[in-house]
Amino acid sequence: MALDTLHIVIGIAVVVMAAISFVNPEEYMFFFPVIFFLAAVLNLVTGKYRLKHSVRNHKKEAAAILQMIFGIILLALAAVSAVSIWWR
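Residues numbered from 1 in each chain as written. Predicted model: local features only at pLDDT ≥ 70, side-chain atom pairs only at ≥ 80, totals over all residues. Heavy atoms only, no water.

1. Some details on the packing of helix 1 (residues 2-23) against helix 2 (residues 31-52)
Here comes step 1: Between helix 1 and helix 2, the least distance of the axes is 10 Å, while the angle of their chain directions is 160°. Judged by the inter-axis angle, helix 1 sits roughly antiparallel to helix 2. In the packing of helix 1 onto helix 2, the handedness of the crossing is left-handed. The residues of helix 2 that touch helix 1, namely those facing Leu-3, Leu-6, His-7, Ile-10, Ala-13, Val-14, Met-17, Ala-18, Ile-20, Ser-21 and Phe-22, are Phe-31, Phe-32, Val-34, Ile-35, Leu-38, Val-41, Leu-42, Val-45, Thr-46 and Tyr-49. (Axes fitted to C-alpha atoms, helices over the stretch in contact; angles between N-to-C directions. Helix = DSSP H or I, 4+ residues; strand = E, 2+ residues; numbered from the N terminus. Parallel < 35°, antiparallel > 145°, perpendicular 65-115°, else oblique. Left-handed = near helix turned anticlockwise from the far one by under 90°. Contact = heavy atoms within 4.5 Å.)

2. What about helix 2?
Here comes step 1: Between its first and last C-alpha atoms helix 2 spans 31 Å; for 22 residues at 1.5 Å apiece the expected length is 32 Å, and the two agree.
Here comes step 2: Residues of helix 2 that are buried include every one of Phe-31, Phe-32, Pro-33, Ile-35, Leu-38, Ala-40, Leu-42, Asn-43, Thr-46 and Gly-47, and no others.
Here comes step 3: Those residues of helix 2 that are buried are in contact with helix 1 and helix 3 (58-86). (Expected span 1.5 Å × (residues − 1). Buried < 20%, exposed > 50% of the residue type's maximum accessible area, 1.4 Å probe, protein only.)

3. Topic: the nonpolar core
Here comes step 1: Counting 7 residues, the largest nonpolar core is built from Ile-10, Met-17, Ala-18, Phe-31, Ile-35, Leu-38 and Leu-42.
Here comes step 2: Secondary structure elements with two or more residues in this core: helix 1 and helix 2.
Here comes step 3: The greatest single-element share of this core, amounting to 4 residues, is contributed by helix 2.
Here comes step 4: Those residues in contact with Leu-38, other than ones at most four positions away along the chain, are Ile-10, Ala-13, Val-14 and Met-17. (Core = buried A, V, L, I, M, F, W, Y, C linked by side-chain atoms within 4.5 Å.)

4. Things to note about the packing of helix 2 against helix 3
Here comes step 1: The geometry of helix 2 relative to helix 3 is characterised by a closest axis approach of 7 Å and an angle of 160° between their N-to-C directions. Comparing their axes, helix 3 and helix 2 come out roughly antiparallel. Taken as a pair, helix 2 and helix 3 cross one another with a handedness that is left-handed.
Here comes step 2: Of the residues assigned to the contact of helix 2 with helix 3, the class counts are 19 nonpolar, 6 polar and 3 charged. (Nonpolar A, V, L, I, M, F, W, Y, C, P; charged D, E, K, R; others polar.)

5. Considerations on the environment of Trp-86
Here comes step 1: With respect to the secondary-structure elements, Trp-86 resides in helix 3.
Here comes step 2: When the C-alpha atoms of Trp-86 and Met-17 are compared, they prove to be 19 Å apart, with 69 residues separating the residues in sequence.

6. Topic: helix 1
Here comes step 1: Helix length check: helix 1 (22 residues) gives 32 Å between terminal C-alpha atoms against 32 Å at 1.5 Å per residue, within 8%.
Here comes step 2: Within helix 1 the residues assigned to the buried category are Leu-3, Ile-10, Met-17, Ala-18 and Ser-21. Buried residues of helix 1, viewed axially, fall in a sector of 105°; they line one side. For helix 1, the exposed residues lying more than 90 degrees away from the buried face are Asp-4, Ile-8, Val-9, Ile-12, Val-15 and Val-23. (Arc of directions from axis to C-beta.)

7. Some points on a nonpolar patch on the surface
Here comes step 1: A surface patch of nonpolar side chains, amounting to about 440 Å² of accessible area, comprises Leu-51, Ile-65, Leu-66, Ile-69 and Ile-73.
Here comes step 2: Per element, the largest residue contribution to the nonpolar patch is 4 residues, and it comes from helix 3.
Here comes step 3: Ile-65 gets classed as partly exposed once you look at its relative accessible area, which sits at 39%. (Patch = residues over 30% accessible without salt bridge, like charges linked within 9 Å, V, L, I, M, F, W, Y side chains within 5 Å. Areas by Shrake-Rupley, 256 points an atom, 1.4 Å probe, with all protein chains shown as cover. Salt bridge = Lys/Arg side-chain N within 4 Å of Asp/Glu carboxyl O.)

Below, the structure written as structure tokens:
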């Protein structure tokens, strides 16, 4: 239930921040790294949960690891986005 709640809360936050940032991107540019960071957190937490619950199922284990790799890529994208905004 906690994972579902996390999905709902982060999903609503991302949708609201995306809508606000696309209305006026120059003023709300700082939302983009936050959106990437929240997506990374969601993927990493979900991947860890799935990895923990994929006992002896190699396909589910591989999918969980792939999701965690995607989360790490999103985390790197959030860092690059934050640095590019900071240098502006």
